[in-house]
Amino acid sequence: MLNIDKRSLFNRNCVAFALLFLVIGLIYSNTFHASWHLDDTPNILENPHLHITDLQPRSIIQTFSVSYDRVLNQNTKIYRPVACLTFGLNWYFGKDNVVGYHIVNISIHLFTAFILFLVVSSLFTTPRLKGKYEGSQYFVALLTTFLWAAHPIQTQAVTYIVQRMASMAAMFYILALFLYIRGRLSQSRVPQVFLYVTCLLSFALAMGSKQNAATLPVALFLVEMIFFQDMSVPQTRRRFLLAAAGAGTAVIIFGVFLFMNGDMFSFLKGYNNRPFTLFERLLTEPRILVFHLSQIFYPVASRFSIDHDIIISTSLFRPWTTLPAILFILFLIAISLFYVRKRPVLAFAILFFFLNHVIESSIIPLELVFEHRNYLPSLFIFFPVSVGIERLLDHYRQRERVLYVLLFSLVCLLLVMIGIGTYTRNGAWATEKSLLEDAVAKAPMSHRPVHNLAYNYYEKIGDYGKAYQLYDKVLSFESTSVTNHRALALSNMALILVKKHEYERAIALFKKILEIDPKSERSLYNMILALVKTGKLEEASGYADLLLSKRNDHIYYQLLKGLILVRQDKPEEALCYFQRTISMDPSYGKALLYKGIALSLIGEHQRADLWLRRAMRVGPNNIGTLFCAIENSVKAGWVQRTDMYVKRLFSLFALEKITRSLVDIPGDMLAPPISQAVLAPVIAQRLEEKAKKVEGIGKR
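The model shown is predicted, which means the values in this text are computed figures rather than measured ones.

The rules behind the values
Residues numbered from 1 in each chain as written. Predicted model: local features only at pLDDT ≥ 70, side-chain atom pairs only at ≥ 80, totals over all residues. Heavy atoms only, no water. Helix = DSSP H or I, 4+ residues; strand = E, 2+ residues; numbered from the N terminus. Contact = heavy atoms within 4.5 Å. Buried < 20%, exposed > 50% of the residue type's maximum accessible area, 1.4 Å probe, protein only. Phe/Tyr/Trp six-rings, centres within 6.5 Å; stacked < 30°, edge-to-face > 60°. Lys NZ or Arg CZ within 6 Å of the ring centre and 35° of its normal. Core = buried A, V, L, I, M, F, W, Y, C linked by side-chain atoms within 4.5 Å. Patch = residues over 30% accessible without salt bridge, like charges linked within 9 Å, V, L, I, M, F, W, Y side chains within 5 Å. Areas by Shrake-Rupley, 256 points an atom, 1.4 Å probe, with all protein chains shown as cover. Salt bridge = Lys/Arg side-chain N within 4 Å of Asp/Glu carboxyl O.

Caption draft 1: Representation of the environment of Leu652 in the model. As for its position among the elements, Leu652 is in helix α29 (residues 639-652). Distance in space between the C-alpha atoms of Leu652 and His109 is 51 Å, their sequence separation being 543 residues. Beyond its immediate chain neighbours, meaning those up to four positions away, Leu652 contacts Pro620, Asn621 and Leu626.

Caption draft 2: Quick look at unusual backbone geometry. Cis geometry marks the peptide bond from Arg318 to Pro319, where omega comes out at -5°. Tracing the backbone shows Pro319 in the loop between α12 (278-297) and α13 (322-338). Positive phi, close to 45°, is recorded for Leu38, a residue that is not glycine. Its location among the elements puts Leu38 in the loop between α1 (2-27) and α2 (40-45). Owing to a relative accessible area of 14%, Leu38 belongs among the buried residues under this scheme. Even without being a glycine, Asp569 presents a positive backbone phi close to 60°. Considering the arrangement of structural elements, one finds Asp569 in the loop between α24 (555-567) and α25 (571-584). Residue Asp569 is classed as exposed on the basis of its relative accessible area of 68%.

Caption draft 3: Quick look at the packing of aromatic side chains. Counted under the stated rule, the structure contains 24 aromatic pairs. Relative to Tyr196, the ring of Tyr180 lies with its centre 5.9 Å away and its plane at 35°, an arrangement referred to as tilted. Within this pair, whereas Tyr180 is found in helix α8 (residues 164-185), its partner Tyr196 is found in helix α9 (residues 189-207), the two being separated by 16 residues in sequence. Using a relative accessible area of 26% as the deciding quantity, one classes Tyr196 as partly exposed. Measuring from ring centre to ring centre gives 5.1 Å for Phe338 and Tyr339, while their planes differ by 90°; the resulting arrangement is edge-to-face. A network of ring pairs unites the aromatic residues Phe17, Phe111, Phe114, Phe117 and Tyr138 as a single cluster. Above the ring of Tyr458, the side-chain terminus of Lys466 is found at 6.0 Å from the ring centroid. Geometry around Tyr577 places Arg580 over its ring, the cationic atom sitting 5.0 Å from the centre.

Caption draft 4: Here's a closer look at the nonpolar core. Counting 196 residues, the largest nonpolar core has Leu177, Phe380, Phe383 and Phe627 as the members making the most contacts within it. For this core, the leading source of residues is helix α5 (residues 98-123), giving 14 residues. Setting aside residues up to four positions removed in sequence, Phe383 forms contacts with Val120, Leu123, Phe124, Leu129, Val140, Thr144 and Val345. Of all hydrophobic cores here, the second largest spans five residues; its members include Tyr271, Phe276, Ile288 and Val369.

Caption draft 5: Spotlight on a nonpolar patch on the surface. Taken together, the side chains of Leu403, Leu406, Leu410, Leu413, Val416, Met417 and Ile420 make up a nonpolar region of the molecular surface, amounting to roughly 630 Å² of accessible area. Relative to the helices and strands, Val416 is located in helix α16 (residues 401-427).

Caption draft 6: Just the pattern of salt bridges, in detail. Under the counting rule described, the total for this entry stands at 24 salt bridges. With its nearest N and O atoms 3.6 Å apart, the salt bridge here joins Arg281 to Glu285. Residue Arg281 and its partner Glu285 are both found in helix α12; the two are separated by four residues, about one turn of the helix. For Glu285, a relative accessible area of 1% corresponds to the buried category. Notably, a salt bridge pairs Glu367 with Arg448, separated by 2.7 Å at the nearest N-O pair. Residue Glu367 is located in the loop between α14 (344-355) and α15 (383-399), and its partner Arg448 is located in helix α18 (residues 447-458); the two are separated by 81 residues in the primary sequence.

Treat this as a map of the structure, not an account of what it does.
This is the structure:
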């Protein structure tokens with residue numbers, strides 16, 4: 001009999017998996033070729049740590065790290081290693097082909113859904129639920145899973161490739177819950193220990209995917225308290241209150257060291273770059289949570305977007321919905337605590353939802369709203385809904401057959417409509433342009449989608465005029481009264497002008513940005529580059545000193561100051577800046593090159609040649625470095641060495657490239673300073689020698 005029950009359970013689980021495979025595969029079938037979007041670029045496409053070419057241990061370990069200097073890719077830290085490893089493996093097998101990434105993302109969603117089904121099925125065998133829903137467990141578990149897996153709010157976590165971090169964390173999180181529940185239900189010691197150990201391993205994998213999985217210990221506490229313990233016993237309640245206090249304290253301490261490097265208040269620094277304060281965020285997030293609940297229970301595709309118009313709450317009454325939202329959430333939590341014994345499923349669903357919004361919807365200075373943050377919190381939101389639907393169906397099954405059939409048909413129609421909504425929503429993710437245009441239409445007063453459309457689409461295709469118009473549009477938005485939004489739009493407008501070689505207009509915009517945001521190092525740096533391009537070296541030098549006073553340890557700022565001094569014919573002063581740059585990064589080619597140039601300019605040709613050779617080893621195909629080496633050799637009177645460098649020049653580059661570079665480089669104030677008067681005769685002589693050789697061959 002036991003074997004028959006196990007076989008029957010296995011068969012039903014296989015049917016559930018097959019149905020989930022069919023449904024999820026169908027509603028996500030239009031996403032396999034959905035393009036890269038937004039954060040995919042810096043996290044995957046431009047992250048060299050993930051671009052592995054073999055599966056050696058060193059390459060695998062390399063994927064665990066990410067650069068935090070964002071440019072040099074040398075200063076690294078461990079960053080979500082489990083999720084990043086999967087991106088690295090995707091890159092190894094398919095490079096930047098999106099199909100493989102989407103297959104993995106959809107597979108993660110499928111397995112998460114199936115584990116959710118197993119968890120809900122297992123909860124029916126716990127002491128608090130056992131026997132209460134006899135005969136309906138399978139239907140409730142399947143309906144709960146289908147409603148969650150097919151819901152359009154999940155598209156951002158599934159179709160947005162980089163949000164695999166969120167979906168993987170949820171997958172290992174729900175797996176850990178399942179292993180814990182099976183461990184608690186096990187009657188044998190050895191399987192129980194194995195299940196608890198694998199539960200801990202799943203927790204580690206969840207944390208390695210995304211840090212919001214840190215709430216798992218509290219979720220396990222909720223499972224234990226609600227489904228395994230009899231909270232009607234006063235002694236049990238007291239014991240669990242003490243345990244809750246201890247667990248909460250442990251999670252806070254763990255979070256402080258994990259997220260804040262031991263400094264409890266370090267997160268406050270993040271608010272310096274946000275258009276809201278900590279207080280405003282705490283007031284605004286309840287409204288956002290209520291909005292997400294409305295999306296979940298009113299899932300019209302038009303209500304979903306990569307961005308939303310959010311008015312920041314500045315007090316309990318501005319906007320007026322702030323206080324009602326806070327009261328509504330407190331009411332839901334109070335209801336869940338009040339009904340924790342009578343309605344354990346409802347209590348758990350509510351508490352689980354708000355627990356898993358604590359990290360991303362409270363004090364940490366993240367962006368205010370993203371739909372993918374609901375992927376984990378919403379796992380059990382449809383559990384009480386499915387129980388209610390099952391009770392209603394059961395009621396009418398016994399009393400009114402017609403109403404039962406009608407109600408069952410409505411449930412089927414609901415599932416179909418939710419699936420269609422998800423399929424429709426996925427259509428917006430087809431390209432970056434379609435996604436951002438969708439966001440602009442749905443959040444017309446939000447600066448971010450307009451800005452992203454300009455930067456991530458029109459600038460990429462070279463339509464600078466359209467991009468400039470969109471940035472100009474951002475300046476008219478009310479929300480851009482906040483400093484960083486205006487500064488960002490103006491900065492990108494200025495950079496477009498730089499690309500169009502309209503340096504004077506760009507400099508004027510950079511100065512305007514610095515009036516709005518004097519701390520903007522990026523704008524100051526780009527303005528100095530524009531000033532150098534226009535030959536305003538004295539002004540550029542003064543601003544470079546200001547930049548170094550803000551960040552004396554920045555490698556690019558040191559190099560830029562030295563470059564300006566070289567252009568001002570002050571090579572001796574420039575040397576110390578190049579030396580500082582090299583001490584920061586001994587293999588930085590530009591620093592090696594400019595130190596060689598400075599030494600050549602002060603007549604130390606032998607030392608200059610050594611540094612120029614080092615620069616050539618770092619960048620062997622840099623034509624500017626070869627020009628400088630040739631010029632230094634000519635000035636030193638080294639005939640053989642000059643000939644050697646000239647031969648190398650002609651062996652590496654075509655004549656057209658050499659002549660074009662010889663014309664273009666001297667006109668670029670940011671390029672290595674070279675003398676056409678010195679180089680042209682040497683190159684012409686080499687050409688003459690080659691011509692004579694050809695002529696001699698012809699005479700033979």
